[in-house]
Amino acid sequence: MSDAAPRLAKRRVGVLISGGGSNMAALIAAARDPAYPAEIVCVISNVASAGGLAKAEAAGVATAVVDHKAFPDRESFERAVVATLDRHDVEIVALAGFMRLLTPWFIARWHDRLINIHPALLPSYKGLHTHARALADGVKIVGCTVHYVRPEMDVGPIIVQAAVPVADDDTADTLAARVLTQEHRIYPLALARVASGAARVVCDAEGRERVVTDLAGTREGALVSPM
Ligand code: GRF
């Protein structure tokens, strides 16, 4: 008999991608830690040529392509995605550069078990081209957000955010690269909190939702940009 403390079962996670899958790779890498509370059991792409598929296969994770163009409507596409997730007994779904809008049916199906990463400090800069729009506005701090998914696009209780300073000579590309580095840091952190039950959604008297974590965190200091 081993002296090691018994490990709690890891939560089973499916990742939905459409592209390169660097966030997906960060989740797979983090989940290799035996102490991580989740395992990535499948990666589904709606795009057959998505670069993330090869990365997942190389990491030994099951992959599937569910091409939205092969279905007559959004819901039948999503039913096929759900069937694949269910085949792998997925409990939590992580969107990682998944470029399809999801229906309220799909989102309700995974209520508080569906998370997304967005390359901006929500609720600012929802939608696409976040870095170019932030640069055009002259903001000095940008960032990234992991949040629970709600039916409105890029809306939902925020789990973790990271702030990134903007430099005078930044372009949308240089900014995107620095924010992406932070995405790779916070997505595994956020998924761990969701999987362990640490990131709980609470609702105030007006029905507004937010996440509480019971973590003390730090109250001191600030990112000042430019310094
Ligand atoms: C990331 O910037 C993510 O925030 C956004 O789409 C991009 C996906 O990049 N939703 P990758 O496929 O994870 O490399």
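**Examining the pattern of salt bridges**
Turning to step 1, where the next piece is worked out: Enumeration over the complete set of coordinates arrives at eleven salt bridges.
Turning to step 2, where the next piece is worked out: The salt bridge partner of E75 is R79, with a shortest N-O separation of 2.9 Å. Here R79 and E75 lie together in helix α3 (residues 74-87), a separation of four residues that amounts to about one turn.
Turning to step 3, where the next piece is worked out: Residue classification places E75 among the partly exposed residues on the basis of a relative accessible area of 32%.
Turning to step 4, where the next piece is worked out: The closest approach of N and O atoms between R200 and D214, which form a salt bridge, is 3.1 Å. Here D214 lies in the segment after β9 (209-212) and R200 lies in strand β8 (residues 200-203), a separation of 14 residues in the sequence.
Turning to step 5, where the next piece is worked out: Residue classification places R200 among the partly exposed residues on the basis of a relative accessible area of 38%.

**A closer look at the site of the ligand**
Turning to step 1, where the next piece is worked out: Taken together, the neighbourhood of the ligand is formed by G20, G21, S22, N23, G97, I117, H118, P119, L180 and E183.
Turning to step 2, where the next piece is worked out: Between the ligand and the protein, one listed contact pairs a nitrogen atom with a backbone N or O atom of I117 at 3.1 Å.
Turning to step 3, where the next piece is worked out: The fraction of the free accessible surface of the ligand (360 Å²) that becomes covered by protein chains is 78%.
Turning to step 4, where the next piece is worked out: Of all the secondary-structure elements, those providing two or more residues to the shell around the ligand are α1 (22-31), β5 (114-118) and α6 (172-196).
Turning to step 5, where the next piece is worked out: Considering only residue class, the shell around the ligand consists of three nonpolar, six polar and one charged.

**Observations regarding the packing of aromatic side chains**
Turning to step 1, where the next piece is worked out: In the structure shown here, the tally under the stated rule is two aromatic pairs.
Turning to step 2, where the next piece is worked out: Note on F106 and W110: the rings are 6.3 Å apart at their centroids and 45° apart in plane angle, and the pair reads as tilted.
Turning to step 3, where the next piece is worked out: The exposure class assigned to F106 is buried, which follows from its relative accessible area of 0%.
Turning to step 4, where the next piece is worked out: Residue class for W110 comes out buried when judged on its relative accessible area of 0%.
Turning to step 5, where the next piece is worked out: Sitting over the ring of W110, R109 keeps its end group 4.8 Å from the ring centre.

**A few points about the sheet that holds strand β2 (residues 38-45)**
Turning to step 1, where the next piece is worked out: Read from one edge to the other, the open sheet built from seven strands follows the order β3-β2-β1-β4-β5-β6-β7, with strand pairing classed as mixed. Looking at which strands have only one partner, the edges of the open sheet turn out to be β3 (62-65) and β7 (158-165). The average undirected angle you get between the axes of adjacent strands in this sheet is 20°.
Turning to step 2, where the next piece is worked out: Judged from the seven bridges that link them, strand β6 (residues 141-148) and β7 form a sheet pairing that is antiparallel.

**Quick look at the domain arrangement of the protein**
Turning to step 1, where the next piece is worked out: The domain boundaries assigned to the protein delineate domain 1 (10-110) and domain 2 (118-215).
Turning to step 2, where the next piece is worked out: A straight line from the C-alpha centre of domain 1 to that of domain 2 covers 20 Å.
Turning to step 3, where the next piece is worked out: If you look at the interface, domain 1 gives 18 residues, while domain 2 gives 15 residues.
Turning to step 4, where the next piece is worked out: Both sides together, the interface formed by domain 1 and domain 2 hides about 1400 Å², and carbon and sulfur atoms give 76% of it.
Turning to step 5, where the next piece is worked out: If you sort the residues of domain 1 by the area they bury against domain 2, N23, Y36 and I107 come out on top, with a joint share of 32%.
Turning to step 6, where the next piece is worked out: At the boundary of domain 1 and domain 2, one finds zero salt bridges.
Turning to step 7, where the next piece is worked out: For the pair domain 1 and domain 2, the number of links is five residue pairs in polar contact (both at pLDDT 80 or more).
Turning to step 8, where the next piece is worked out: When residues of the side of domain 1 that touches domain 2 are traced back to their parent elements, those giving at least two are β1 (11-17), α1, β2 and β4 (92-95).

Here is what the cut-offs are and how they apply
- Residues numbered from 1 in each chain as written.
- Predicted model: local features only at pLDDT ≥ 70, side-chain atom pairs only at ≥ 80, totals over all residues.
- Heavy atoms only, no water.
- Salt bridge = Lys/Arg side-chain N within 4 Å of Asp/Glu carboxyl O.
- Helix = DSSP H or I, 4+ residues; strand = E, 2+ residues; numbered from the N terminus.
- Buried < 20%, exposed > 50% of the residue type's maximum accessible area, 1.4 Å probe, protein only.
- Near = heavy atom within 4 Å.
- Polar contact = N/O pair within 3.5 Å; in protein donor to acceptor, adjacent residues only side chain to side chain.
- Areas by Shrake-Rupley, 256 points an atom, 1.4 Å probe, with all protein chains shown as cover.
- Nonpolar A, V, L, I, M, F, W, Y, C, P; charged D, E, K, R; others polar.
- Phe/Tyr/Trp six-rings, centres within 6.5 Å; stacked < 30°, edge-to-face > 60°.
- Lys NZ or Arg CZ within 6 Å of the ring centre and 35° of its normal.
- Pairing = 2+ DSSP bridges.
- Axes fitted to C-alpha atoms, helices over the stretch in contact; angles between N-to-C directions.
- Domains from an automatic or database assignment.
- Contact = heavy atoms within 4.5 Å.
- Buried area = accessible area lost by both parts, 1.4 Å probe.

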